[in-house]
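# A structural walkthrough
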Amino acid sequence: MITSSDAGSILYNDCKIFNLPLYRSWSFPKKKVDTERIVIIAKSQSPDIYWSRGFVEVNFCVPDYKDNANLKRLNELERSALKNIGYKTGKFDETRYRYSVDSHGIEEDPVLNCHFVNIKILFEILNVK
């Protein structure tokens, strides 16, 4: 059995290849972003006959420079994310899973003084043994 927290942990570990500071949704600093970081947000799961489905959001935060988005860096991170965490299958705790990108795009967070690449991952867990 894979929980939503397990799904978040799997993506957390898969994102280590980016060599950026990693945070889970409840632990990231809520102050202005001054360095690049990745924030992983695991959402709830919905069971189905064969697959339980849920979403995990992977956010690549990039600080603004003189109140402007660093579009070049955001594009680099978006391309790299799609290439490196765009699709995967695996096994965790004797349970098979797969994940793939559901949507992606660049968003702004004026409170944190950053823009970020939001990668929405559809995480599916096989219910059949």
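Procedures and definitions
- Residues numbered from 1 in each chain as written.
- Predicted model: local features only at pLDDT ≥ 70, side-chain atom pairs only at ≥ 80, totals over all residues.
- Heavy atoms only, no water.
- Buried < 20%, exposed > 50% of the residue type's maximum accessible area, 1.4 Å probe, protein only.
- Helix = DSSP H or I, 4+ residues; strand = E, 2+ residues; numbered from the N terminus.
- Pairing = 2+ DSSP bridges.
- Patch = residues over 30% accessible without salt bridge, like charges linked within 9 Å, V, L, I, M, F, W, Y side chains within 5 Å.
- Areas by Shrake-Rupley, 256 points an atom, 1.4 Å probe, with all protein chains shown as cover.
- Salt bridge = Lys/Arg side-chain N within 4 Å of Asp/Glu carboxyl O.
- Axes fitted to C-alpha atoms, helices over the stretch in contact; angles between N-to-C directions.
- Contact = heavy atoms within 4.5 Å.

Let us now look at the pairing of strand β3 (residues 51-63). Here β3 lies mainly inside the structure; 11 of its 13 residues are buried. Both strand β2 (residues 37-46) and β3 contribute to a ladder of eight bridges, which runs antiparallel. Residue S46 lies in a different strand from β3, and its bridge partner there is R53. Two successive antiparallel strands, β2 and β3, enclose a turn made up of four residues. In the sheet, β3 pairs with strand β6 (residues 114-126) via 13 bridges, with the strands oriented antiparallel.

On the surface, a cluster of nonpolar side chains totalling about 340 Å² of accessible area is made up of I49, Y50 and V128. Summarising the element assignment, Y50 is placed in the loop between β2 and β3. Residue Y50 is classed as exposed on the basis of its relative accessible area, which comes to 54%.

Another aspect to go through is the sheet that holds β6. Here six strands make up an open sheet; going across it, the order is β1-β2-β3-β6-β5-β4 and the pairing mixed. Of all the strands in the sheet, the pair left with one neighbour each is β1 (22-24) and β4 (87-92). In this sheet, neighbouring strand axes are inclined to one another by 25° on average, regardless of whether the strands run parallel or antiparallel. Relative to β2, β1 runs parallel, the two being bridged by three bridges. If you follow L22 over to β2, its bridge partner there is I38. Those strands touched by helix α1 (residues 4-14) are β1, β2, β3, β4, β5 (95-109) and β6, and its axis lies near 150° from that of β2. Where helix α2 (residues 71-84) meets the sheet, it contacts β3, β5 and β6, and its direction lies at approximately 10° from that of β6.

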